[in-house]
Amino acid sequence: QVQLVESGGGLVQAGGFLRLSCAASGSIRRLNAMAWYRQAPGKQRELVARITRGGSTNYADSVKGRFTISRDNAKNTVYLQMNSLKPEDTAVYYCNALGGWDNALGDWDNYWGQGTRVTVSS
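These remarks concern the structure in this document. Nothing here was measured: the structure is a model prediction, and the numbers come from that model.

### Section: the nonpolar core
Reasoning step 1: In this structure, Leu4, Trp36, Leu80, Met82 and Tyr93 are the most contacted members of the largest nonpolar core, which totals 30 residues.
Reasoning step 2: At the level of elements, strand 1 (2–7), strand 3 (18–26), strand 4 (34–39), strand 5 (46–51), strand 7 (67–72), strand 8 (77–82), strand 9 (91–102) and strand 11 (116–121) are the ones that each hand at least two residues to this core.
Reasoning step 3: Each residue touching Leu80, except ones within four places of it in the same chain, is listed here: Leu18, Arg19, Leu20, Trp36, Val48, Ala49, Phe67, Thr68, Ile69 and Tyr93.

### As for the state of the cysteines
Reasoning step 1: Throughout the structure, instances matching the rule amount to 1 disulfide.
Reasoning step 2: Shown here is the disulfide that connects Cys22 with Cys95, its sulfur atoms set 2.1 Å apart. Its S-S torsion of about -85° marks the bond between Cys22 and Cys95 as left-handed, since a negative value means left-handed. With Cys22 in strand 3 and Cys95 in strand 9, this residue pair connects regions lying 73 residues apart in the sequence.
Reasoning step 3: The exposure class assigned to Cys22 is buried, which follows from its relative accessible area of 0%.

### Details of the pairing of strand 8
Reasoning step 1: Among the 6 residues in strand 8, 5 count as buried, and that is most of the element.
Reasoning step 2: Of the pairings in the sheet, the one linking strand 3 to strand 8 comprises 6 bridges and is antiparallel in character. For Ala23, the partnering residue across the bridge sits in strand 8 and is Thr77.
Reasoning step 3: Where strand 7 and strand 8 come together, 6 bridges link them in antiparallel fashion. Its bridge partner lying in strand 8, Ile69 is registered against Leu80.
Reasoning step 4: What sits between the antiparallel neighbours strand 7 and strand 8 is a turn of 4 residues, in which Asn76 has the positive phi angle 55°.

### Side note on the environment of Leu85
Reasoning step 1: Mapped onto the fold, Leu85 is located in the loop between strand 8 and strand 9.
Reasoning step 2: Note on Leu85: relative accessible area 2%, which makes it buried.
Reasoning step 3: For Leu85 and Leu47, which are 38 residues apart along the polypeptide, the C-alpha to C-alpha distance reads 17 Å.

Cut-offs and rules
Residues numbered from 1 in each chain as written. Predicted model: local features only at pLDDT ≥ 70, side-chain atom pairs only at ≥ 80, totals over all residues. Heavy atoms only, no water. Core = buried A, V, L, I, M, F, W, Y, C linked by side-chain atoms within 4.5 Å. Buried < 20%, exposed > 50% of the residue type's maximum accessible area, 1.4 Å probe, protein only. Helix = DSSP H or I, 4+ residues; strand = E, 2+ residues; numbered from the N terminus. Contact = heavy atoms within 4.5 Å. Disulfide = S-S within 2.5 Å. Pairing = 2+ DSSP bridges.

Okay, structure coming up:
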């Protein structure tokens, strides 16, 4: 199994910044892409940013230019630097990791953190 532990959430004012961290442990040998998702109250969970093991990144249009995802493969940790925060960024942020192929599931192993809450005040 893989465990993802998130940290760094909190309450900030609009225009402020936060850095989220997600540390992976357990059977992490085959971890590939990692990502951050978020879910705001009353809305579906959405992809915020994704990074491959090689460092290629993708971002949601709503956060481009403000958020930066990065990873330290040696530390098995992924980060999300969030700058110029807006009230619309308020959500629970979840770390996600894609592992190896699971024959029993017929899908790639997919792991989630417990979520960390980010609140941006007006």
